[in-house]
Amino acid sequence: MSKITSFTSGVIFTLGVVLTLFASVWTKLADITLTSPIIFSIFLMILGLVFMQGWIKEQKTPEQEKAETLQVSNVSHILIVFKQAIEQLEVSDNVDVLVEKIVEIIENYLLPINHQHQAIKATYGQQSLDIILNLAQAERLLNRIQSAALDGYPQEVKNSYDELVQVTRQIELHS
Amino acid sequence: MKTQTYREFTVAATILGILQGVILVVAFAYISLKLGFSLGGSAIAAILGYVLLRGVLGVGTSVENNINQTIASSINTAGTGVAFVMPALFLLQAQDPSFSFALTPLLVSGVAGALLGVVLIIPLRKQLIELDRLRFPTGTATATIIRSGSEGFSKAKYLFIGLIVSAIWKGILISGLVAEEVSFGFGIIPLYLSPFIYLSLMNVAAGMLSGRGGLPFFWGGILGWWILSPMIVHFSPESIPVGLEAAGVVDFIYGEMLRPLGIGILIGAALMGVVLAYPSMMAAFRSLLSASKIKSQRELPLWLLAVIVLLVFSALLWSLIQSTDFSLGYLIFVVLIAIIWAWVASLIVAQSVGLSDITPLSGMALVTVFLMMILLDGNVVASITLTMGIGIAITQGADMMQDLKTGFLIGSKPIYQQIVQLSFAWIGVFVSVGVLYLLWQSGVGDQGGFGPGTTLPAPQASTLTSLVSAVQNDTVPTDKFIFGGIVGVMLTLAPIAGLGVLVGLAMYLPFSITLGYGIGCLISMGLEKQYGYSFIEKIIVPLASGLIIGEALVGVGDAIYGVLS
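Residues numbered from 1 in each chain as written. Chains lettered and ligands numbered in written order. Predicted model: local features only at pLDDT ≥ 70, side-chain atom pairs only at ≥ 80, totals over all residues.

**Q** Can you explain the overall build of chain A? Please cite residues and give values.
**A** Of regular secondary structure, chain A possesses seven helices and zero strands. From first element to last, N terminus to C terminus, chain A shows the α and β order α-α-α-α-α-α-α. Within chain A, the fraction of its 175 residues that count as buried is 38%. Restricting the contact set of chain A to residue pairs at least 6 apart, pairs at least 24 apart contribute 70%. (Helix = DSSP H or I, 4+ residues; strand = E, 2+ residues; numbered from the N terminus. Buried ≥ 20, exposed ≤ 12 C-beta atoms within 10 Å, placed from the backbone. Contact = placed C-beta atoms within 7 Å.)

Structure (structure tokens):
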């Protein structure tokens, strides 16, 4: 039933868009009355939108469900894995190991969260905005650490790591 | 391993950025008069930055190169805005000797525009880059090239494969062995379905970087050319002038129907987008207000942005007072409207560039001239003076956002990028005005140095003068702007991210471009389905970045060669 509703609302909306654009080819703004075809087509667009919104409220997509389970575990993992990476840097002073670790963190933890950011926004609403902003800050810092490591500036790596720890604490607070 | 402070905002990067920016402005101002389009300088500045900072001086870092590239592209972009608008005044003066204009108000308006674009777009950074996560294909490509300088060539193999393939392909296109745009109609598919594809790998690569998110752009092209166009031809033939040949019909449908509707959709979508994104914009705004405790995340404070807006307001007001007799109160109202429009248009252009890498600047210039001519009662000099400021502001906003995306991907501090863009973009205005003035003076006899009939035809200026004529003759398609605006509002209310802006942009552009981009989106979606999104990030992003940079480099090289020869 819901699939038919989603399909139907999409068709009605698309039809409204096509007919409004087509009617605008010959319709003059000054000549519009309540019975003008363009009024009917605008009404179709609105109807399609109303159906669509009604359908969306009833749904909870698999992405949204997945997003609910993504957030906390990844936040704590980012912190743990990154601490390990920094420890390795302090012991070995090995840039390759650090860069490899950062790439691993980005690929295994940040990318899946970023991939789901629309779903996270949809699931958590207003509350998720702060989480997404904090995650973006963490991502920028990881990128900075990677750049500093590749450029050979260990002090900057450590400074940025300290900032990353602050950001991850903020994420934990929000979550 | 180095123990000193991480090099970022340095004298070397600043000087190099200014030098590159000035050289690019001189070259690209000339190219835009010759060919009618300009080019982005970010990727070129990043490559030269790497060569000069690290190769020659032996000191460059990734974030330092980002500062160099931000400065160079800001100067270049400001100059491009001047080169698009100012030649129109010279041409109008050549047509009518009684027409006169002063240089100082233009310069003041241009510098004000360079500042305005940056301060208007800074509060939207978190919204567009961190919340909406727009791709900004050229910004991503520039970050990839900067990062590859540090990683070493072996780790950037996909980037270089893409770069070489794209450079060779662009070379083949330039040589004429293969046409840049080919028909797949085979004499069967009618012209009104626009059976053409633009064989640009850069275009396909932008689609590959956008993936599923760019698909509405493809849908917009199909809506325009495979649904609306045949409907117009078959069900409303009376709306097409009698006697046009097939190609003329296509030009009419595109120029008089789809393009104005596309502009309207873009404006409606942007306005509705602001309304819908209000909660997230406020969250981003609060984050900006609270002046981040994290040092590397800081941005220019809002009070400073407000002060600069006031200065810009005063400068634009002063430049208007020089060429109009309206009351001060009315001129304040006009400047206020101009600044609000600059913000909306900056948002439209930044979103378009972020989603598709394509800027609808000429469409925004059309609306700006139209708005200013109406508000200033047809005063051409005052309208173009204000249009120049607003045009530069619009391009600066998109350029700032593109560079901030690059900065995000390599971990730069946004505040440094914002400071350099604000501090140096104005240089482009002075250099470009100087170049145009010298070129105009170099004309033989009574003829100016550029314009129709010379070796520098200045097609963009001709377009702008025709826009002025359209407003004077009341032939601007305002009805289509308004109907398009209604559709844009509705599309933005639909639950598909970026639908309104992308559909509007697709109808505004030729279908040959939309088609290539759509193919890129489909390729990316197919690969993601098959191999997962980490494959896209690890292989497709550097490969597509290489495709963009390869074509850009050969394109710039060819343009400069064409000018020199």
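**Q** If you had to explain the overall build of chain B to someone new, which residues and values would you point to?
**A** Summing up its helical and strand segments, chain B has 22 helices and two strands in all. In summary, chain B has a C-alpha radius of gyration of 23 Å against a globular reference of 24 Å for 565 residues, a match within 12%. When burial is assessed residue by residue, chain B has 59% of its 565 residues classed as buried. Long-range contacts, defined here as pairs at least 24 residues apart, represent 83% of the contacts in chain B between residues at least 6 apart. (Rg over C-alpha atoms; globule rule 2.2 N^0.38 Å.)

**Q** Would you mind going over the nonpolar core in detail, with residue names and values included?
**A** Formed by 196 residues in total, the largest nonpolar core has its most connected members in M86, A205, L266 and A342 of chain B. The element that contributes the greatest number of residues to this core is helix 16 (residues 380-410) of chain B, accounting for 17 residues. Every residue in contact with A342 of chain B, bar those within four places of it in the chain, is listed here: L116, L120, I390, A393 and I394 of chain B. In terms of nonpolar packing, the next biggest core, distinct from the first, is built from 25 residues, I132, L141, A148 and L164 of chain A among them. (Core = buried A, V, L, I, M, F, W, Y, C linked by C-beta atoms within 7 Å.)

**Q** Outline the environment of P360 of chain B, supporting the account with residue identities and numerical values.
**A** Residues and elements named next belong to chain B. Residue position: P360 is located in the loop between helix 14 (328-356) and helix 15 (361-375). On the basis of neighbour count, P360 is assigned to the buried category, with 25 C-beta atoms found within 10 Å. Along the sequence, P360 and L505 sit 145 residues apart, while their C-alpha atoms lie 7.1 Å from each other. Each residue touching P360, except ones within four places of it in the same chain, is listed here: L266, I348, V349, S352, L505 and Y508.

**Q** If you had to explain unusual backbone geometry to someone new, which residues and values would you point to?
**A** Residues and elements named next belong to chain B. If you check the backbone angles, F136 has positive phi at about 45° while not being a glycine. Examined against the element boundaries, F136 turns out to sit in the loop between helix 6 (125-131) and helix 7 (137-151). The buried category is assigned to F136, around which 30 C-beta atoms lie within 10 Å.

**Q** Tell me what's going on with the confidence of the model for chain B, and back it up with residues and numbers.
**A** Residues and elements named next belong to chain B. Here chain B averages 87 in pLDDT, and 94% of its residues register 70 or above. Within chain B, helix 12 (residues 278-289) has the poorest average pLDDT of any element, 71, and helix 13 (residues 302-321) the best, 95. Confidence metrics for the complex model read pTM 0.84 and ipTM 0.82. (pLDDT = per-residue confidence, 0-100.)

**Q** How would you explain the interface of chain B and chain A if you had to name every residue and give the values?
**A** Taken together, the 50 residues of chain B in the interface contact 48 residues of chain A. A total of nine residues in the side of chain B that touches chain A trace back to one element, the largest contributor, which is helix 19 (residues 478-493) of chain B.

**Q** I'd like a rundown of the packing of helix 13 of chain B against helix 16 of chain B, residues and numbers included.
**A** Helix-helix packing is described using two parameters, namely the angle between the two axes and the distance between the axes. All names here are of chain B. The geometry of helix 13 relative to helix 16 is characterised by a closest axis approach of 9 Å and an angle of 160° between their N-to-C directions. The angle between the axes of helix 13 and helix 16 places the two elements in the roughly antiparallel class. In the crossing of helix 13 with helix 16, the sense of the turn from one axis to the other is right-handed. Touching L316, S319 and L320 of helix 13 are A382, T385, L386 and G389, all from helix 16. Split by residue class, the contact of helix 13 with helix 16 holds four nonpolar, three polar and no charged. (Axes fitted to C-alpha atoms, helices over the stretch in contact; angles between N-to-C directions. Parallel < 35°, antiparallel > 145°, perpendicular 65-115°, else oblique. Left-handed = near helix turned anticlockwise from the far one by under 90°. Nonpolar A, V, L, I, M, F, W, Y, C, P; charged D, E, K, R; others polar.)

**Q** Residue-level account of the confidence of the model for chain A, with values.
**A** Confidence along chain A averages 75 in pLDDT terms, with 63% of residues attaining 70 or more. Model confidence for chain A, summarised as mean pLDDT per element, is weakest for helix 3 (residues 62-92) of chain A at 56 and strongest for helix 1 (residues 2-26) of chain A at 86.

**Q** Mind laying out helix 9 (residues 201-210) of chain B, listing which residues take part and the relevant values?
**A** All names here are of chain B. Taken across its 10 residues, helix 9 has 10 buried, putting it largely inside the fold. Along helix 9, the positions that sit buried rather than exposed are L201, M202, N203, V204, A205, A206, G207, M208, L209 and S210. Of the residues trailing helix 9, G211 is marked for its positive phi of about 60°.

**Q** Report on the packing of helix 11 (residues 246-276) of chain B against helix 20 (residues 499-508) of chain B, specifying residues and quantitative values.
**A** Residues and elements named next belong to chain B. Taken N-terminus to C-terminus, the directions of helix 11 and helix 20 make an angle of 165°; their axes are 7 Å apart at the nearest point. Comparing the axis directions of helix 11 and helix 20 gives the class roughly antiparallel. Read as a crossing pair, helix 11 and helix 20 show a hand that is left-handed. For the pair formed by helix 11 and helix 20, the contact residues are L258, R259, L261, G262, I263, I265, L266, G268, A269, A270, M272 and G273 on the first element and G500, V501, V503, G504, L505, M507 and Y508 on the second.

**Q** Residues and numbers for the environment of T70 of chain B, please.
**A** Residue and element names in this part refer to chain B. In this structure, T70 sits in helix 3 (residues 62-85). Sequence spacing of T70 and D399 is 329 residues, and the spatial spacing of their C-alpha atoms is 8.5 Å. Beyond its immediate sequence surroundings of up to four residues, T70 is in contact with G17, D403, Q417, V420 and Q421.

**Q** Quick rundown of the environment of A88 of chain B? Include the residues and the values.
**A** Residues and elements named next belong to chain B. When you line up the elements, A88 lands in helix 4 (residues 87-95). Its 25 C-beta neighbours within 10 Å are what place A88 among the buried residues. Sequence separation of A88 and A458 is 370 residues, and the distance between their C-alpha atoms is 8.7 Å. When neighbours within four sequence positions are excluded, A88 is seen to be in contact with I384, A461, L464 and T465.

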